[in-house]
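Summary of the model geometry
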Amino acid sequence: MSRRAARSHALAALLALLLPAAVRAGELRGTVRYAGAAAPAAAVPVHKDQEACGTSVPDESLLAAGGGLANVVVQVRGVSGPAPRPVRATLDQDHCRFRPHVQAVPVGSTMDIVSSDPVLHNVHGWIGRATVFNQAMPTPGRRMPRRLDRPGIIQVKCDVHDWMSAWVLVVEGPAAVTGADGGFAVKDLPAGSYTVVAWHERLGERVAQVTVPAAGAASLEIRY
Ligand SMILES: [Cu+2]
């Protein structure tokens, strides 16, 4: 190989290293706002296994503080390139609540369902009326891995404690879940115009359009 050929070869290799980072350097940041009355978590009375569960648990189905809406899954649709990598996620049962209450995981991820409680739980995942998993967990410390191969919205319930509920969104593209202040960030997006779909367990969907720059962040406010 001539010196010139070697130089262009090295340059191509360097570009190949740098390019993926360069084309996926965009980011979407935003806030999901809730225009309704501020909704602190109401208490749901507990009528069973009070020694482990306590006498009440918070109702986490609508958490809005300071105008921000928590537990909204924000998905960016139509992103080209490789899908987000599968992750190892956890769904814990702690004092007869699922933690986290809402999560989003890429398709193909494995979720470890665990229990920290010294009481019987029966974890039951549903997509619509179809069972995704259904497993008794009689003792704390057990770990039940489940591979999530189908995209969809899974509601997780406990057949023993009817107040227990969690949501796992198995997603095919980039996504984020809003924090307590309604804020979210979806990183490593290539530049482009995308449809953004927000989902909340009680308030439903909102759809928005956004253009992500090649570098830096696009910002978006979604209103319920
Ligand atoms: Cu339970």
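This section reports on the structure supplied with the text. What you see is a predicted model, and the numbers here were worked out from it, not measured in a lab.

The next point concerns the sheet that holds strand β19 (residues 204–212). If you walk across this open sheet you meet the 4 strands as β16-β6-β18-β19, and the pairing is antiparallel. One side of each edge strand has no neighbouring strand; the edge strands of this open sheet are β16 (175–177) and β19. Put simply, the sheet's adjacent strands are angled 20° from each other on average, direction ignored. Relative to β19, strand β18 (residues 192–200) runs antiparallel, the two sharing 9 bridges. Looking across to β19, one finds that Ala198 is bridged to Arg206.

A separate point is the state of the cysteines. Throughout the structure, instances matching the rule amount to 1 disulfide. Cys53 shares a disulfide with Cys96; S-S distance 1.9 Å. Sign of the S-S torsion, about -55° for the bond between Cys53 and Cys96, identifies this disulfide as left-handed. Residue Cys53 is found in helix α2 (residues 50–53), and its partner Cys96 is found in the loop between β7 (88–94) and β8 (97–99); the two are separated by 43 residues along the sequence. Residue Cys53 shares its accessibility class with Cys96, and that shared class is buried.

Following Arg99, the chain continues to Pro100 via a peptide bond in cis, the omega torsion being -5°. The phi torsion at Asn71 lies on the positive side, around 60°, for a residue other than glycine. Residue Cys96 is not a glycine yet carries a positive backbone phi of 60°.

What follows is about the layout of surface pockets. As a volume, the largest pocket reaches approximately 270 Å³. Broken down by secondary-structure element, the contributors of at least two residues to the lining of the largest pocket are β6 (73–77), β14 (152–158) and β15 (165–171). Counted by class, the lining of the largest pocket contains 12 nonpolar, 5 polar and 4 charged residues. Contributing to the lining of the second largest pocket are 16 residues, with Pro84, Gly173, Pro174, Ala175 and Lys187 lying nearest its centre.

This part covers the side chain of Ser165. Here Ser165 is to be found in strand β15. Assessed through its relative accessible area of 14%, Ser165 is described here as buried. At 3.0 Å, the side chain of Ser165 and the side chain of Gln155 are in polar contact. Leave out the neighbours within four places in its chain, and Ser165 touches Phe98, His101, Gln155, Val156 and Lys157.

The copper ion binds to the protein through His121 (ND1), Cys158 (SG) and His161 (ND1), with metal-donor distances spanning 2.0 to 2.2 Å. Read in sequence order, the donor residues coordinating the copper ion give the pattern H-x36-C-x2-H. Of this pair, His121 sits in strand β11 (residues 121–127) while Cys158 is found in strand β14, placing the two residues 37 residues apart along the sequence. Considered together, His121 and Cys158 belong to a single accessibility category, that of buried residues.

Glancing now at the nonpolar core. Counting 26 residues, the largest nonpolar core has Phe98, Met111, Phe133, Leu148, Val156 and Val168 as the members making the most contacts within it. When contributions to this core are tallied by element, the ones reaching two or more residues are α2, β7, β10 (109–115), β12 (130–137), β13 (143–148), β14 and β15. Sequence-distant contacts of Val156, defined by excluding residues within four places in its chain, comprise Leu91, Phe98, Val123, His124, Gly125, Phe133, Met164, Ser165, Ala166 and Val168.

The next point concerns the pairing of β12. Relative to β12, β11 is paired through 7 bridges, and the arrangement is antiparallel. Bridge pairing links His124 to Asn134 in β12. Once β11 ends, the chain turns through 2 residues before running back antiparallel as β12, passing Gly128 with a positive phi of about 60°.

With that settled, consider the sheet that holds β12. With respect to topology, 5 strands assemble into an open sheet ordered β9-β15-β14-β11-β12, the strand pairing being mixed. Since the sheet does not close on itself, it has two edges, and those belong to β9 (102–106) and β12, each with one partner. Between one strand and the next, the sheet's axes are offset by a mean angle of 20°, whatever the strand orientation. As paired elements, β9 and β15 share 5 bridges and run parallel to each other.

Parameters and conventions
Residues numbered from 1 in each chain as written. Predicted model: local features only at pLDDT ≥ 70, side-chain atom pairs only at ≥ 80, totals over all residues. Heavy atoms only, no water. Pairing = 2+ DSSP bridges. Helix = DSSP H or I, 4+ residues; strand = E, 2+ residues; numbered from the N terminus. Axes fitted to C-alpha atoms, helices over the stretch in contact; angles between N-to-C directions. Disulfide = S-S within 2.5 Å. Buried < 20%, exposed > 50% of the residue type's maximum accessible area, 1.4 Å probe, protein only. 1 Å grid on protein atoms, 1.4 Å probe; cavity = no way out; pocket = protein on both sides within 12 Å on 5 of 7 lines; lining within 4 Å. Points joined across faces, edges and corners; volume = space filled by probe spheres on them. Nonpolar A, V, L, I, M, F, W, Y, C, P; charged D, E, K, R; others polar. Polar contact = N/O pair within 3.5 Å; in protein donor to acceptor, adjacent residues only side chain to side chain. Contact = heavy atoms within 4.5 Å. Donors = N, O, S within 2.8 Å, 3.2 Å for Na, K, Ca; no water. Core = buried A, V, L, I, M, F, W, Y, C linked by side-chain atoms within 4.5 Å.

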